[in-house]
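Here's the letter readout for the chains.
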Protein chains: 2
Amino acid sequence: MSTPGIKIFAPATVGNVACGFDVLGLSIEGLGDELIARQVDEPGLRIVKITGAKGKLPYEVEKNTAGLAGLRLLQHLGKEQEIGIEFELRKKMPFGSGLGSSAASAVAGAMAVNELLKRPLEKRDLLPFALAGESIATGTAAHADNVAPSLLGGIILVRSSNPPDVHRLPAIPGLQVTIISPKLEIMTKEARSILSSQVPLSDFVQQSANLGAFVAAMYRQDITLLGRCLKDIIIEPQRAKLIPHFSEVQDAALEAGALGCSISGAGPAIFALSSNSLIAEAVGNAMSSTWEKYGIEHTIYQSPINLEGARKM
Amino acid sequence: MSTPGIKIFAPATVGNVACGFDVLGLSIEGLGDELIARQVDEPGLRIVKITGAKGKLPYEVEKNTAGLAGLRLLQHLGKEQEIGIEFELRKKMPFGSGLGSSAASAVAGAMAVNELLKRPLEKRDLLPFALAGESIATGTAAHADNVAPSLLGGIILVRSSNPPDVHRLPAIPGLQVTIISPKLEIMTKEARSILSSQVPLSDFVQQSANLGAFVAAMYRQDITLLGRCLKDIIIEPQRAKLIPHFSEVQDAALEAGALGCSISGAGPAIFALSSNSLIAEAVGNAMSSTWEKYGIEHTIYQSPINLEGARKM
């Protein structure tokens, strides 16, 4: 016997938002992973189908971010020997792009098990399980700056990933995200390995100050202050070299009116924030023209902040 | 001819508030500097009297933080050749203690000139002049984390000192500051010179996250979140050795119920934040007992956050 199943959508996210390396993430609309989960007779969790991944994702549950997240929740609930679940994962977003692909899958896995079991946990309490799944992709203990916004929506400040202590900031209304994603892959593990293990004291002070002011800007709905904070003087200079013509794309976005522009997650996608959708569109065109000039294939996405996060479709 | 004069009070401050090195400062009540300013016939600014400084502060205007701040404002207003002003500085707080003594004097100097001249500038616009005065004490371009709260009151986030971009956070009502100050002096220049010029990447992330959450806690009036953020894992471990039995005093404060406890400014004063005045008193007693045990002479201050800042008395 197998039930008709439920379908979960978990959105793509921008992690490392400018001044918020490992600390700030936000959720977008219209891009993300879908996961269909069915209850079956044979106990245990299995992944039966993966589409959109070009064969790059493992079916082995413990090596798959969606699988592991779902499995850890099932184990936590003590139902591993009792309940049978099949996952069908539909990757509907690029991966290795810096848009939180592994996090979206992990969130979808935890969410699917919780929904199939009639929500034994609150949404927020799924975080540790989604983080357990995400840790496969990062190769270390996962940071919550993709997982938390994919699950909860909005702009999230991660005070701590273990134990999770995450805070949803009041996103300034009208804020728009433009993302430009090249046909290139960067794996999070590698993008992390090129980072210097030390940060100059003065850069630490300046970047911290911008992060503090970013939080204040959201609470005060102060869009000009937000524009002054959206800088990354520590990580971006180290990773920009992995992305072709990064500075030129960034300059184009700022000249077109973006509040700020930086690397999405570990890259190579680049995001910009704008105060409204008209500017965001102009920003997208400006970024796109730059890469077109160099013949770099890419996709553009434009979206408001997704305030809902993962949902049952 | 000399006018009867005006009297300015500029409060003491706690800079480097835990997770906010060079970025967070707060203003206290009942402790600070007084400055009496009189208009006289002979043009130019002179310091005619200094009390409470045990001969340690210079009368030379350009070498005195109050003098230089006042002079720079007078020059900015184009009145240096026209107006005569005499300063009498009454130090009413310890200096070299980490309580923003030099900043309070600088603020008082700028404020006095502005008041004598019938407020040509708004209070907030005095910041650059007070910072110019403060730079004598720090030996480099000054950070605004003492000057801004002494001038404006409250809890201040400094996004940038040059140009000044400072933001007053909504202090959680009832918050109390306990300060314990030993009869020891540490000069800011020296306390800065012992700091490592590099910060480990993981510490940078953790401390930034706490700073972001500190700001969110103030806006949300979330006292338990505030308690989780009040940590300094970067600067405090390096400077604690300059302060006798620092860890023991800190432990005593936390055990007595403080939300957090760290070094005030560059030290050697230690501050604690508590959620109400009863706890703050117990915290003060606990810190005091610790130093008494070792025969370390000290003074205790307890105060709410000073929301007014510098004022004409």
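Residues numbered from 1 in each chain as written. Chains lettered and ligands numbered in written order. Predicted model: local features only at pLDDT ≥ 70, side-chain atom pairs only at ≥ 80, totals over all residues.

### Some points on the overall build of chain A
Step number 1: Each helix and strand counted, chain A has 10 helices and 12 strands in total.
Step number 2: The C-alpha radius of gyration computed for chain A amounts to 19 Å, which stays within 12% of the reference 20 Å derived for 313 residues, consistent with globular compactness.
Step number 3: When its C-alpha atoms are laid out on the principal axes, chain A stretches across 60 × 40 × 35 Å.
Step number 4: Long-range pairs, those at least 24 residues apart, make up 74% of the contacts in chain A with a sequence separation of at least 6. (Helix = DSSP H or I, 4+ residues; strand = E, 2+ residues; numbered from the N terminus. Rg over C-alpha atoms; globule rule 2.2 N^0.38 Å. Contact = placed C-beta atoms within 7 Å.)

### Some words on the interface of chain A and chain B
Step number 1: On the side of chain B, 30 residues touch chain A, which itself brings 31 residues to the contact.
Step number 2: Every element with two or more residues in the side of chain A that touches chain B is listed here: β5 (155-161), β6 (164-169), β8 (198-200), α6 (201-220) and α7 (223-229) of chain A.
Step number 3: In terms of residue count, the dominant contributor to the side of chain A that touches chain B is α6 of chain A (13 residues).
Step number 4: Considering only residue class, the side of chain A that touches chain B consists of 18 nonpolar, nine polar and four charged.
Step number 5: Where β8 of chain A meets strand β8 (residues 198-200) of chain B, three bridges bridge the pair, whose relative direction is antiparallel. The residue bridging Val199 of chain A from the neighbouring strand is Val199 of chain B, located in β8 of chain B. (Nonpolar A, V, L, I, M, F, W, Y, C, P; charged D, E, K, R; others polar. Pairing = 2+ DSSP bridges.)

### Notes on the relation of the copies chain A and chain B
Step number 1: Superposing chain A onto chain B takes a rotation of 180° plus a shift of 0.0 Å along the axis, which leaves an RMSD of 0.0 Å. Accordingly, the operation relating the two chain copies is best matched by a two-fold axis.
Step number 2: A shared binding surface is used by both copies, with 97% of the interface residues of chain A retained as interface residues in chain B. (Least-squares fit on C-alpha atoms with pLDDT ≥ 70 in both.)

### As for the confidence of the model for chain A
Step number 1: On average, residues of chain A carry a pLDDT of 94, and 97% of them reach 70 or more.
Step number 2: Scored by ipTM, the complex comes to 0.93, with pTM at 0.94. (pLDDT = per-residue confidence, 0-100.)

### Overview of the sheet that holds strand β9 (residues 260-263) of chain B
By way of backbone hydrogen bonds, the strands of a sheet pair with one another, either parallel or antiparallel.
Residues and elements named next belong to chain B.
Step number 1: Spatially, four strands are ordered β9-β10-β7-β11 in an open sheet, and the strand pairing comes out antiparallel. With partners counted over all chains shown, the strands left at the sheet margins are β9 and β11 (298-304), one partner each. Taken over all neighbouring pairs, the strand axes of this sheet differ in orientation by 15° on average, direction set aside.
Step number 2: Two strands pair when backbone bridges link them, and β9 and strand β10 (residues 270-274) are joined in this way by four bridges, in the antiparallel orientation. (Axes fitted to C-alpha atoms, helices over the stretch in contact; angles between N-to-C directions.)

### A word on the sheet that holds strand β11 (residues 298-304) of chain A
Residue and element names in this part refer to chain A.
Step number 1: Strands sit in the order β9-β10-β7-β11 across an open sheet of four strands; the sheet is antiparallel. The open sheet has two free edges, formed respectively by β9 (260-263) and β11, since each of these has just one partner strand. Averaged over all adjacent pairs, the angle separating strand axes in this sheet is 20°, with direction ignored.
Step number 2: Of the pairings in the sheet, the one linking strand β7 (residues 176-182) to strand β10 (residues 270-274) comprises five bridges and is antiparallel in character. Among the inter-strand pairings, Gln176 is bridged to a residue of β10, identified as Ser274.
Step number 3: Helix α10 (residues 277-293) contacts β7, β10 and β11 of the sheet and is inclined by roughly 15° relative to β7.

### Looking at the domain arrangement of chain A
Residues and elements named next belong to chain A.
Step number 1: Along its sequence, chain A is organised into domain 1 (6-168) and domain 2 (176-304).
Step number 2: Each of domain 1 and domain 2 was reduced to a C-alpha centroid, and the two centroids are 24 Å apart.
Step number 3: Listed by partner, the interface residues are 26 residues for domain 1 and 33 residues for domain 2.
Step number 4: Every element with two or more residues in the side of domain 1 that touches domain 2 is listed here: β2 (24-40), α3 (127-138) and β5. (Domains from an automatic or database assignment.)

### A closer look at α3 of chain A
All names here are of chain A.
Step number 1: Taking 1.5 Å as the rise per residue, α3 with 12 residues should run 16 Å; its terminal C-alpha atoms sit 16 Å apart, in good agreement.
Step number 2: By the criterion of burial, α3 is predominantly enclosed, with 10 of the 12 residues buried.
Step number 3: The set of residues buried in α3 consists of Leu127, Phe129, Ala130, Leu131, Ala132, Gly133, Glu134, Ser135, Ile136 and Ala137. (Expected span 1.5 Å × (residues − 1). Buried ≥ 20, exposed ≤ 12 C-beta atoms within 10 Å, placed from the backbone.)

### Some words on the pairing of strand β1 (residues 6-14) of chain B
Both faces of the sheet carry side chains from a regular strand, because those side chains alternate between them.
Residue and element names in this part refer to chain B.
Step number 1: Most of β1 sits out of view: seven of its nine residues are buried.
Step number 2: Here eight bridges tie β1 to strand β2 (residues 24-40), and the two strands are oriented antiparallel to one another. Pairing of Lys7 across the sheet is with Ile36, part of β2.
Step number 3: In this sheet, strand β12 (residues 311-312) lies alongside β1 in antiparallel orientation, the contact comprising two bridges. Residue pairing in the sheet places Ile8 in a bridge with Lys312 of β12.

### What about the environment of Gly67 of chain B?
Residues and elements named next belong to chain B.
Step number 1: Tracing the chain through its elements places Gly67 in helix α1 (residues 65-76).
Step number 2: You can call Gly67 buried: it has 26 C-beta atoms within 10 Å.
Step number 3: The spatial distance from the C-alpha of Gly67 to the C-alpha of Leu89 is 9.4 Å, given a sequence separation of 22 residues.
Step number 4: Leaving out residues up to four positions away in the same chain, Gly67 has contacts with Leu45, Ile47, Val61, Glu62, Phe87 and Gly109.

### Looking at the nonpolar core
Step number 1: Counting residues in each nonpolar core, the largest one holds 209 residues, and the members touching the most others are Val107, Ala130 and Val147 of chain A together with Val107, Ala130 and Val147 of chain B.
Step number 2: Residue contacts for Ala130 of chain A: discarding those within four places in its chain leaves Ala69, Ala106, Val107, Ala110, Val147 and Leu151 of chain A. (Core = buried A, V, L, I, M, F, W, Y, C linked by C-beta atoms within 7 Å.)

### Describing the packing of α3 of chain A against helix α4 (residues 144-152) of chain A
Each pair of packed helices can be summarised by the angle the axes make with each other and by the distance between the axes.
Residues and elements named next belong to chain A.
Step number 1: Viewed as axis vectors pointing N to C, α3 and α4 meet at an angle of 135°, and their least axial separation amounts to 10 Å. Classified by the angle between their axes, α3 and α4 sit oblique to one another. Taken as a pair, α3 and α4 cross one another with a handedness that is right-handed. Contact residues: Leu127, Ala130, Leu131 and Glu134 in α3; Ala144, Val147, Ala148 and Leu151 in α4. (Parallel < 35°, antiparallel > 145°, perpendicular 65-115°, else oblique. Left-handed = near helix turned anticlockwise from the far one by under 90°.)

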